[in-house]
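Chain by chain, the residues:
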Amino acid sequence: MTHSRDARPAAAPFAEITQREDALVRADLKAHGWPRALAASQQRQDAMAGLIASTLTPPLACKAGCAWCCHFKVEVRPEEVFQIVGHVRAKFSPARQQALYDTASRNAATLQALTPTQQLSANLPCPFLQDSQCSIHAVRPARCRTLHATDVAGCQQAYEEPQNLAIPPSLVPALVLTGEAHLQGARQAFAEAGYDDGAQELNAALAVALADGRAKRRFEKGKKAFV
Ligand code: SF4
C-alpha cells in the first residue's frame, strides 16, 4: 500500500479545521436551517478534499465503477440520513424506494446479529450501490467523502479477504485526517444547536427513517431520532 508523501503538508491542522467548520455550520444552522447547513458543509468538505487530491503523487486511484469500499460498514449522522431520505423520496420511484427499504432492513438485521468485529468483515454491499456506482453520490455520507486511496490493491484485498483485518489500507492520510476533522466540526455544531448527534449504522437508520415519518420530526425537535 502506498501513501502520498506530498499529502501531509497540504493538510491544515486537525483542530483548526474542526473549529472553523464548527463555527461555519453553527452560523448556517442559525441563518438557514439544517438542510442548507449540511449541504454547505458537504461542499466545503469536497472542495478541501479536491484541493488536497490535486497535490497527490501518485494521484487518487478512486474512480467511478470502483466500489470495493462500498462493502464496508458505514456510519452516518442523523442529518445525513434525513438528507438521503429526502433525495430518495424525490428521485427514486416507489418501487425502488420499497426495494431500498427491503435491502436496508435485511442488511440491518444481518449486521445486528453479528458482533462488532464480525460486522467489520460482513462485506455487505451498500444498498445504494448500483452497477458498481453510488446512486446517491451528491448526498453520500461524510464517511464516504473521506475515504480515498492511491492504490486500489489494498481496497480489493480488504474486500476479498474480509476476515483479514490486518491488511494495511491504502488510504491517503491527509484526506482521512482532514475529513475526520471536518466531520467532527460539523457534528459538534449540530450537537451545540441541540440536534441529535448520535452516529448510526447506515442500513438501520435508513430502514427507520424510510418507515417512520416521525423520525425526522423528532430530529427537528431536538429529540433522539432513532428510537
Ligand atoms: S453511500 Fe454511496 S459511496 Fe457510500 S458506501 Fe453507499 S454506495 Fe458507496
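Now for a description of the structure that goes with this document. On a predicted model such as this, the values are computed, not experimentally measured, just so you know.

Every residue lining the ligand is accounted for by C70, V74, C126, F128, L129, C134, I136, R140 and C144. Residues belonging to the shell around the ligand are distributed by class as follows: 8 nonpolar, no polar and 1 charged.

Let us now look at helix α2 (residues 14-32). Given a rise of 1.5 Å per residue, 19 residues ought to cover 27 Å, and the 26 Å separating the end C-alpha atoms of α2 matches this to within 8%. Among the residues of α2, those classed as buried are I17, T18, E21, D22, V25, D28 and L29. Taken around the axis of α2, the buried residues stretch over an arc of 140°, which confines them to a single face. Opposite the buried face of α2, at more than 90 degrees from it, the exposed residues are A15, E16, K30 and A31. At its buried positions, α2 is contacted by α3 (34-53) and α9 (173-192). Looking one or two residues past α2, G33 carries a phi angle of roughly 90°, positive in sign.

This paragraph deals with the environment of Q133. Counting through the fold element by element, Q133 comes out in strand β3 (residues 133-134). On the basis of neighbour count, Q133 is assigned to the partly exposed category, with 13 C-beta atoms found within 10 Å. Along the chain, Q133 and Q188 lie 55 residues apart, while their C-alpha atoms are 31 Å from each other.

Within the secondary structure, A142 is located in helix α7 (residues 142-146). A142 gets classed as buried once you count the C-beta atoms within 10 Å, which come to 22. As for A142 and A53, which are separated by 89 residues in sequence, their C-alpha atoms are 16 Å apart.

Between T57 and P58 the backbone carries a cis peptide bond, its omega angle lying at 0°. Of note, P58 is situated in the loop between α3 and β1 (75-76). In this model, N123 sits at a positive phi of 60°, which is unusual for a non-glycine residue. With respect to the secondary-structure elements, N123 resides in the loop between α6 (116-120) and β2 (129-130). A residue is classified by how many C-beta atoms lie within 10 Å of it, and N123, with 15 of them, is partly exposed. A positive phi is found at S132, a non-glycine position, where the angle reads about 65°. Tracing the sequence through the fold places S132 in the loop between β2 and β3.

Core analysis: the largest hydrophobic core is formed by 51 residues, its most contacted members being V74, V81, V85, A205, L206, A207 and A209. Considering every element that reaches this core, the biggest residue donor is α9, with 8 residues. Non-local contacts of A207, meaning those with residues more than four positions away in its chain, are made with Y101, A104, S105 and A108.

Calculation notes
- Residues numbered from 1 in each chain as written.
- Predicted model: local features only at pLDDT ≥ 70, side-chain atom pairs only at ≥ 80, totals over all residues.
- Near = placed C-beta within 6 Å.
- Nonpolar A, V, L, I, M, F, W, Y, C, P; charged D, E, K, R; others polar.
- Helix = DSSP H or I, 4+ residues; strand = E, 2+ residues; numbered from the N terminus.
- Expected span 1.5 Å × (residues − 1).
- Buried ≥ 20, exposed ≤ 12 C-beta atoms within 10 Å, placed from the backbone.
- Arc of directions from axis to C-beta.
- Contact = placed C-beta atoms within 7 Å.
- Core = buried A, V, L, I, M, F, W, Y, C linked by C-beta atoms within 7 Å.

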